[in-house]
Amino acid sequence: MGVSVIRIITPYSAFDLIEYLKSLGFRTTSTEAQGQYGSVSIIYTVIKRKQIPEVLDILKEYNPNAFYTIEDVRSAGGSFAQVAPKPVRGVGRFSRKAK
C-alpha cells in the first residue's frame, strides 16, 4: 500500500472542498496563506496512492486551475485507518465561490 500527500493551493474559499472531502472520509488539514497575488488556502490530505484519481477528479470539478502537488510519503505516524464518511447536509457537488 503506497501513501501519498496531495497539497492543494487555491485562491478560492476552500470550505466547500474541505467539507466534501471530509464527507467522503478523507482527512484534511488546511491553512490560510499569502500567495503572489493575494490570499490563498492550502489543503493537505494524506491518501492511499490508488485514491489519487478520485481526489483529482473532485479537485478538477471544484477548481480546474488550482495548483497541486503530489508527493510519496515514506513514513507517517499516527493512525491511518479509513474514516467512515459522515453524512453532510447541504453539501453535495459544490459550486465555486468567488473571493
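How each quantity is defined
Residues numbered from 1 in each chain as written. Predicted model: local features only at pLDDT ≥ 70, side-chain atom pairs only at ≥ 80, totals over all residues. Heavy atoms only, no water. Core = buried A, V, L, I, M, F, W, Y, C linked by side-chain atoms within 4.5 Å. Buried < 20%, exposed > 50% of the residue type's maximum accessible area, 1.4 Å probe, protein only. Helix = DSSP H or I, 4+ residues; strand = E, 2+ residues; numbered from the N terminus. Contact = heavy atoms within 4.5 Å. Salt bridge = Lys/Arg side-chain N within 4 Å of Asp/Glu carboxyl O. Arc of directions from axis to C-beta. pLDDT = per-residue confidence, 0-100. Pairing = 2+ DSSP bridges. Axes fitted to C-alpha atoms, helices over the stretch in contact; angles between N-to-C directions. Parallel < 35°, antiparallel > 145°, perpendicular 65-115°, else oblique. Left-handed = near helix turned anticlockwise from the far one by under 90°. Nonpolar A, V, L, I, M, F, W, Y, C, P; charged D, E, K, R; others polar.

**Remarks on the nonpolar core**
Judged by nonpolar contacts, the single largest core of 17 residues is most densely connected at Ile-8, Leu-17, Ile-43, Ile-47 and Leu-59. Secondary structure elements with two or more residues in this core: strand S1 (3-10), helix H1 (15-23), strand S3 (38-48) and helix H2 (52-62). The element best represented in this core is H2, accounting for six residues. Every residue in contact with Leu-59, bar those within four places of it in the chain, is listed here: Ile-8, Leu-17, Pro-64, Ala-66 and Tyr-68.

**Re the pattern of salt bridges**
For side chains bearing opposite charge, pairing can occur when the charged atoms are close. This model, assessed by the stated rule, comprises three salt bridges. In this structure, the salt-bridge partner of Lys-22 is Glu-19, at a minimum N-O distance of 3.6 Å. Taken together, the residues span about one helical turn, with Lys-22 and Glu-19 both in helix H1 at a distance of three residues. The buried category is assigned to Glu-19, whose relative accessible area is 18%.

**Side note on H2**
For H2, the complete set of buried residues consists of Ile-52, Val-55, Leu-56, Ile-58, Leu-59 and Tyr-62. Along the axis of H2, the buried positions cluster into a sector of 160°, meaning they face one direction only. Where the residues of H2 are buried, they touch S1, H1, S3 and strand S4 (67-72).

**Side note on the confidence of the model for the protein**
Caution applies to low-pLDDT parts of the model: their predicted coordinates are not meant to be read in detail. Summary statistics for the protein give a mean pLDDT of 83 and a share of 75% for residues scoring 70 or more. The secondary structure element of the protein with the lowest average pLDDT is H1, at 93, and the one with the highest is S4, at 96.

**As for the pairing of S3**
Direction of pairing for S1 relative to S3: antiparallel, over a ladder of eight bridges. For Val-5, the partnering residue across the bridge sits in S3 and is Val-46. Sheet topology places strand S2 (residues 29-35) next to S3; seven bridges connect them, and they run antiparallel. The partner of Ser-30 across the bridge, within S3, is Ile-43. The hairpin formed by S2 and S3 contains two residues between the paired strands.

**Structural notes on the packing of H1 against H2**
It is at 11 Å that the axes of H1 and H2 come closest, and there the two elements cross at 150°. For the element pair H1 / H2, the angle class is roughly antiparallel. Between H1 and H2 the crossing geometry is right-handed. Listed contacts from H2 to Leu-17, Tyr-20 and Leu-21 of H1 are Ile-58, Leu-59 and Tyr-62. Across the contact of H1 with H2, the residue classes break down as six nonpolar, no polar and no charged.

**Some thoughts on the pairing of S1**
Of all the eight residues making up S1, six are buried; the element is thus mostly covered by neighbouring parts of the structure. Relative to S4, S1 runs antiparallel, the two being bridged by six bridges. When the bridges of S4 are listed, Ile-8 appears paired with Tyr-68.

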